[in-house]
Amino acid sequence: MTALLVGRRAPSRLRVVAWRFFRSTQGRIGFAVLVLLFLLAFAGPVLSPWSYTDKDFTAFLSPPSAEHWFGTLQTGADVYAVTLRGMRKSLIVGLLAALVSTALAAVVGAFAGYFPGWTDRTLTWGADLLLVLPAFLILAVMSPLFGAGQWVLFVIMLALFLWMVTSKIVRGMTISLKQREFIQAARFMGVSPVRIIFRHIIPNLSSLLIVDATLNVSAAILTETSLSYFGFGIQPPDVSFGTLIADGSRTALYAPWTFWFVAGLLVITVLAVNLIGDALRDAFDPASRRPR
């Protein structure tokens with residue numbers, strides 16, 4: 001019996017977190033819905049004979065039919081095709097902005113917490129400055145730079161305004177972590193500070209960073225949608241949730257299919273991401289679960 005217990009390896013933290021996540025109802029629902037949305041966004045256009053650039057000049061603002069599953073716009077564009085194109089762009093923008101902002105928060109917060117003095121003061125001052133700057137106004141002023149093919153610049157600028165609060169949390173946790181025995185041992189062994197940060201401190205903050213990245217996806221999608229709605233985000237001829245909602249709002253009363261399909265997909269996407277974020281938080285920290 002003792003030999004069996006000794007030979008049995010303890011499950012890894014990743015497996016434990018995954019088991020807790022998929023044991024959660026909201027985690028399973030959120031993950032399944034998000035996978036279906038990605039399949040719809042990237043594989044759905046193959047099922048339709050229309051692309052998002054095609055125009056049907058015999059059907060302007062026509063309701064959903066066998067030929068146009070979601071109906072058509074005022075220009076004759078197929079709503080199904082342009083909606084999936086917009087959803088694909090918004091998902092890509094949301095994921096990339098979340099990853100960049102979380103990585104930036106991890107690096108800045110860890111360096112600020114590990115190096116007291118001028119490094120800490122400079123990085124904290126930069127985060128505080130970005131917190132008080134009007135992000136919407138700055139992105140609106142820079143909107144002419146986000147023309148066709150420049151959406152990567154838009155993602156970078158969007159990520160620059162999403163990392164500051166998380167970096168402050170990472171800084172505080174780093175100050176606590178660098179007093180732990182394994183960090184002190186690495187320092188006494190001559191391991192460089194940069195290596196300690198990237199090999200020991202940031203990996204020990206993975207639970208916080210993963211949950212933050214997940215929640216930042218929905219924040220980035222909603223921010224991109226708001227900016228694009230006012231014409232300051234993704235620029236034509238490309239489309240996103242924001243541009244489609246802005247166009248559809250003009251005809252929503254007498255042609256609701258131009259608005260409600262994309263609005264419904266936006267709500268479902270944000271809801272699925274938030275469900276995943278909540279489930280991940282509970283999976284990493286079971287003590288955070290509240291009694292139902």
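Preceding this paragraph is the structure being described.
The structure contained in this document is the topic of the report that follows. Since the model is a prediction, treat every value here as computed from it, not as a measurement.

This brings us to the overall build of the chain. A count of helices and strands for the chain gives 13 helices and zero strands. Beginning at the N terminus, the succession of helices and strands in the chain can be written as α-α-α-α-α-α-α-α-α-α-α-α-α. Structurally, the chain occupies a C-alpha span of about 75 × 55 × 35 Å along its principal axes. With 292 residues in all, the chain has 43% of them scored as buried. Here the analysis covers contacts within the chain between residues at least 6 apart in sequence; of these, 69% occur between residues at least 24 apart. Of the roughly 15,700 Å² of accessible surface on the chain, 69% is carried by carbon and sulfur atoms. Here the chain holds 24 positive side-chain charges and 14 negative ones, and the gap between their average locations is 16 Å.

Within the largest apolar cluster, 38 residues are counted, with the highest numbers of intra-cluster contacts made by Phe21, Met87, Ile221, Phe241, Leu266 and Leu280. Elements that contribute at least two residues to this core include exactly α2 (13–23), α3 (25–47), α4 (79–114), α11 (206–229), α12 (241–249) and α13 (257–284). The leading source of residues in this core is α13, at 14 residues. Apart from the residues within four sequence positions on either side, Leu280 is in contact with Phe21, Ile210, Val211 and Thr214. Counting residues in each nonpolar core, the second largest holds 14 residues, with Ala110, Phe111, Ile197 and Leu205 among its members.

For α3, with 23 residues, the first-to-last C-alpha span of 31 Å sits near the 33 Å given by 1.5 Å per residue. Along α3, the helix axis deviates most sharply at Ala41, where the bend reaches about 45°; the proline Pro45 sits within four residues downstream. Taken together, the buried positions of α3 are Gln26, Gly27, Gly30, Leu34, Leu37, Ala41 and Gly44. With a side-chain oxygen positioned 3.4 Å from the backbone nitrogen of Gln26, the residue opening α3 is Ser24.

Take the packing of α4 against α11 next. Packing of α4 against α11 leaves a shortest axis separation of 7 Å and a crossing angle of 135°. With respect to each other, α4 and α11 are oriented oblique. The interaxial crossing formed by α4 with α11 has right-handed handedness. Residues Ser90, Leu91, Val93, Gly94, Leu95, Ala97, Ala98, Ser101, Thr102 and Ala106 of α4 touch α11, and the partners they reach there are Leu209, Asp212, Ala213, Asn216, Val217, Ala220, Ile221 and Glu224. A breakdown of the residues in the contact of α4 with α11 according to their chemical character gives 11 nonpolar, five polar and two charged.

As a further point, take the packing of aromatic side chains. Tallied over the entire structure, the rule returns 14 aromatic pairs. When the ring of Tyr229 is compared with that of Phe230, the centres are 5.2 Å apart and the planes differ by 85°; the resulting orientation is edge-to-face. Ring-pair connections join several aromatic residues into one group, and the members of that group are Trp69, Phe70, Tyr80 and Phe261. Sitting over the ring of Tyr114, Lys178 keeps its end group 6.0 Å from the ring centre.

What follows is about a nonpolar patch on the surface. On the surface, a cluster of nonpolar side chains totalling about 730 Å² of accessible area is made up of Trp125, Leu129, Leu131, Val132, Leu133, Val165, Ile169 and Met173. Those elements that provide at least two residues to the nonpolar patch are α5 (118–132) and α8 (164–177). Looking at which element gives the most residues to the nonpolar patch, the answer is α5, with four residues.

Reading the values: rules and limits
Residues numbered from 1 in each chain as written. Predicted model: local features only at pLDDT ≥ 70, side-chain atom pairs only at ≥ 80, totals over all residues. Heavy atoms only, no water. Helix = DSSP H or I, 4+ residues; strand = E, 2+ residues; numbered from the N terminus. Buried < 20%, exposed > 50% of the residue type's maximum accessible area, 1.4 Å probe, protein only. Contact = heavy atoms within 4.5 Å. Areas by Shrake-Rupley, 256 points an atom, 1.4 Å probe, with all protein chains shown as cover. Lys, Arg positive; Asp, Glu negative; His and termini not counted. Charge placed at Lys NZ, Arg CZ, Asp CG, Glu CD. Core = buried A, V, L, I, M, F, W, Y, C linked by side-chain atoms within 4.5 Å. Expected span 1.5 Å × (residues − 1). Bend = angle between axes of the 7 residues up to and from the residue. Polar contact = N/O pair within 3.5 Å; in protein donor to acceptor, adjacent residues only side chain to side chain. Axes fitted to C-alpha atoms, helices over the stretch in contact; angles between N-to-C directions. Parallel < 35°, antiparallel > 145°, perpendicular 65-115°, else oblique. Left-handed = near helix turned anticlockwise from the far one by under 90°. Nonpolar A, V, L, I, M, F, W, Y, C, P; charged D, E, K, R; others polar. Phe/Tyr/Trp six-rings, centres within 6.5 Å; stacked < 30°, edge-to-face > 60°. Lys NZ or Arg CZ within 6 Å of the ring centre and 35° of its normal. Patch = residues over 30% accessible without salt bridge, like charges linked within 9 Å, V, L, I, M, F, W, Y side chains within 5 Å. Salt bridge = Lys/Arg side-chain N within 4 Å of Asp/Glu carboxyl O.

By themselves these figures say nothing about function.
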